[in-house]
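Survey of secondary and tertiary structure
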Amino acid sequence: MKLSFDQDIKPLFRPFDIESMTPFGFDLSVYADVKAHAQSIYDRLADGSMPCDDPWSPDQVEKFKRWMDEGMEP
Ligand code: HEM
């Protein structure tokens with residue numbers, strides 16, 4: 001079964017992440033925004049520079065990548 005944004009990806013973002021990033025032009029709780037910025041989001045997750053206070057585990061980063069590779073299901 002493919003990963004989906006609503007069930008698998010959205011819950012990975014904390015309210016603090018969403019609040020911190022909306023001023024930069026994307027809302028991490030909104031499917032269309034995460035899809036549109038997926039590559040730059042992935043790059044920051046993978047290099048550990050985002051979230052700025054607490055980088056994701058390799059498992060979480062891999063999950064985001066798998067969601068991208070599977071076609072970014074809503
Ligand atoms: C999973 C959570 C997060 C993701 C995926 C994320 C993603 C990103 C991305 C893709 C950029 C580049 C934006 C651009 O170039 O237009 C960025 C920039 C930035 N983010 Fe986040 N962010 C997250 C959480 C946070 C948090 C928690 C903070 C604050 C503590 C934060 C503060 C910033 C700041 C200050 C920048 C601009 C400076 C820079 O490029 O480093 N972000 N973030």
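Residues numbered from 1 in each chain as written. Predicted model: local features only at pLDDT ≥ 70, side-chain atom pairs only at ≥ 80, totals over all residues.

A word on the site of the ligand. Of all residues adjacent to the ligand, which total 14 residues, the nearest are Asp17, Ser20, Met50, Pro51 and Cys52. Among the elements of the structure, α2 (15-21) and α4 (38-46) are those that each provide at least two residues to the shell around the ligand. For the shell around the ligand, a count of residues per class yields nine nonpolar, two polar and three charged. (Near = placed C-beta within 6 Å. Helix = DSSP H or I, 4+ residues; strand = E, 2+ residues; numbered from the N terminus. Nonpolar A, V, L, I, M, F, W, Y, C, P; charged D, E, K, R; others polar.)

Here helix α5 (residues 58-69) spans 16 Å end to end across twelve residues, near enough to the 16 Å set by a 1.5 Å rise per residue. With its phi angle positive at about 105°, glycine 71 sits one or two positions after the end of α5. (Expected span 1.5 Å × (residues − 1).)

The values are spatial; any link to function lies outside them.
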